[in-house]
Amino acid sequence: MKVNGSLHAPPLDPRRLLSDHLRHDLGLTGTHVGCEHGVCGCCTVLLDGEPVRSCLMLAVQAEGHEVSTVEGLAAAGAPLHPVQQAFHECQGLQCGFCTPGFLMSVVGLLAQHPDPTPEQVEEAIAGNLCRCTGYASIRRAVHRAAELSGK
Amino acid sequence: MKPPRFEYHAPSTVEEACELLGSLEDAKVLAGGQSLIPLLNFRLAQPAHLVDINRLPGLDAIYERDGGVAVQALARQAAVEDSEVAAHVCPLLTAAVRLVAHRVIRNRGTVCGSIAHADPASELPAVLLALGGHVIGRSARGDRIIDAGDLFKGVFETALAADELLVEAWFPASSGAFAIVEESRRHGDFALAGAVRASGRLALFGVAPTPVLADPANPGRGLQPSGDLEATPEFRLHLVRVLTERVFAA
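Owing to the predicted nature of the structure, the values given are computational and were not obtained by experimental measurement.

Here the focus is the overall build of chain B. Of the regular secondary structure elements, chain B holds 10 helices and 14 strands. Reported as C-alpha extents along the three principal axes, the dimensions of chain B are approximately 50 × 40 × 30 Å. In chain B, buried positions account for 57% of the 250 residues. Taking the contacts inside chain B whose residues are at least 6 apart along the sequence as the reference set, 59% of them involve residues at least 24 apart.

Written as structure tokens, this is what we have:
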């Protein structure tokens with residue numbers, strides 16, 4: 001499977017969840033794990049460009065596919081990805097635990113709807129839980145991300 | 001490892017998948033996995049074998065058939081949500097799919113998987129029942145059509161045999177008035193109770209071990225919904241009355 005552009009062998013044990021494979025085998029700890037049953041959205045990654053829950057997939061199922069994680073959004077030292085930049089500007093995060101999942105969900109949303117309506121934004125982030133910010137600043141960040149991505 | 005031990009199989013043809021289901025003891029089909037993987041993570045399900053059908057080719061079509069819309073086993077809920085054929089032929093299905101969890105879950109979850117999983121609180125089995133649709137079960141013995149009315153047998157139980165793969169669900173056109181409403185604690189959660197109207201037919205979900213057809217004039221008759229931390233049986237019966245009024249006012 002390809003993760004952030006580089007090829008990796010799948011894990012030997014088919015029981016390995018994609019989320020655990022990314023974190024424990026590949027050291028990509030940016031993908032967070034919260035509820036581990038698909039409710040919180042922290043572990044959201046892109047599978048062939050579409051946001052999916054990495055805790056609800058076996059890593060072996062990603063073989064032959066392309067996985068993108070939060071680490072793939074911007075290289076170390078490079079300018080932030082427009083979605084990251086927008087969350088930074090609008091203070092769309094506080095403790096940051098849920099943020100990787102939000103970022104990946106929003107990258108997926110903007111790929112499908114580059115100029116989303118407020119309803120589309122709410123629908124897209126409804127599956128991500130944040131317990132600090134209260135969502136208002138996150139919503140603002142998503143619209144700002146659409147602006148920045150359009151430039 | 002969170003999931004229990006299982007042997008993993010990834011067949012590359014439908015025939016091979018059916019052979020595996022016919023020969024393996026205690027096998028579960030893995031489609032979208034949005035219900036099965038959590039059950040594995042919690043070890044509520046401990047199948048000896050997983051037959052992953054995600055690598056089967058040409059099994060993700062959504063197409064018009066016999067005046068309805070047919071949805072194949074690997075058509076993701078998100079694809080059905082965006083399908084023009086589904087929206088044109090069976091807008092009730094489109095409306096119902098939007099109530100299933102969240103978009104990120106729907107990117108992976110399948111319509112046929114929701115039906116085969118047969119969660120009593122799930123929307124899509126109730127929609128299939130309200131419309132009088134059917135599913136096709138395929139095995140080495142051949143194809144078998146199972147009407148929605150004969151499909152749902154109990155909590156997470158269907159009439160599909162152990163060697164049968166649900167390859168297609170068929171939803172008749174929602175030609176008359178239709179509506180689906182549900183009540184849940186949070187957006188995207190499982191419904192405490194829900195109602196589907198297809199013309200004069202009413203199906204309820206979340207209030208019995210399976211989705212049930214009900215009399216619109218007296219929808220609560222004969223129902224004995226269970227109670228849990230989120231809703232008492234009385235509250236569920238109240239919801240049945242209110243939701244039925246709403247779908248018939250729509």
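Let us now look at the sheet that holds strand β2 (residues 6–7) of chain A. Residues and elements named next belong to chain A. A sheet is described by the order of its strands in space; here 5 strands give the open sequence β2-β1-β5-β3-β4, paired in mixed fashion. One side of each edge strand has no neighbouring strand; the edge strands of this open sheet are β2 and β4 (50–53). Bridge analysis of strand β3 (residues 44–47) against β4 gives 4 bridges, and the strand direction is antiparallel. Bridge pairing in β4 links Leu 47 to Glu 50. Where helix α3 (residues 99–112) meets the sheet, its contacts fall on β3, β4 and β5 (66–68), and the angle it forms with β3 comes to roughly 35°.

Attention shifts here to the domain arrangement of chain B. Residues and elements named next belong to chain B. Considered domain by domain, chain B is made up of domain 1 (7–52), domain 2 (62–172) and domain 3 (178–249). Using C-alpha coordinates to define each centre, domain 1 is positioned 18 Å away from domain 2. Counting residues at the interface gives 11 residues for domain 1 and 14 residues for domain 2. The junction of domain 1 with domain 2 conceals about 970 Å² of combined surface from both sides, 73% of it contributed by carbon and sulfur atoms. When the buried area of domain 1 at its contact with domain 2 is split by residue, Cys 18, Leu 21 and Gln 34 rank highest and sum to 45% of it. Where domain 1 meets domain 2, there are 0 residue pairs in polar contact (both at pLDDT 80 or more). Per-element accounting of the side of domain 1 that touches domain 2 gives the leading share, 5 residues, to helix α1 (residues 14–23). Within the side of domain 1 that touches domain 2, the residues separate by chemical class into 7 nonpolar, 4 polar and no charged.

Basis of the calculations
- Residues numbered from 1 in each chain as written.
- Chains lettered and ligands numbered in written order.
- Predicted model: local features only at pLDDT ≥ 70, side-chain atom pairs only at ≥ 80, totals over all residues.
- Heavy atoms only, no water.
- Helix = DSSP H or I, 4+ residues; strand = E, 2+ residues; numbered from the N terminus.
- Buried < 20%, exposed > 50% of the residue type's maximum accessible area, 1.4 Å probe, protein only.
- Contact = heavy atoms within 4.5 Å.
- Pairing = 2+ DSSP bridges.
- Axes fitted to C-alpha atoms, helices over the stretch in contact; angles between N-to-C directions.
- Domains from an automatic or database assignment.
- Buried area = accessible area lost by both parts, 1.4 Å probe.
- Polar contact = N/O pair within 3.5 Å; in protein donor to acceptor, adjacent residues only side chain to side chain.
- Nonpolar A, V, L, I, M, F, W, Y, C, P; charged D, E, K, R; others polar.

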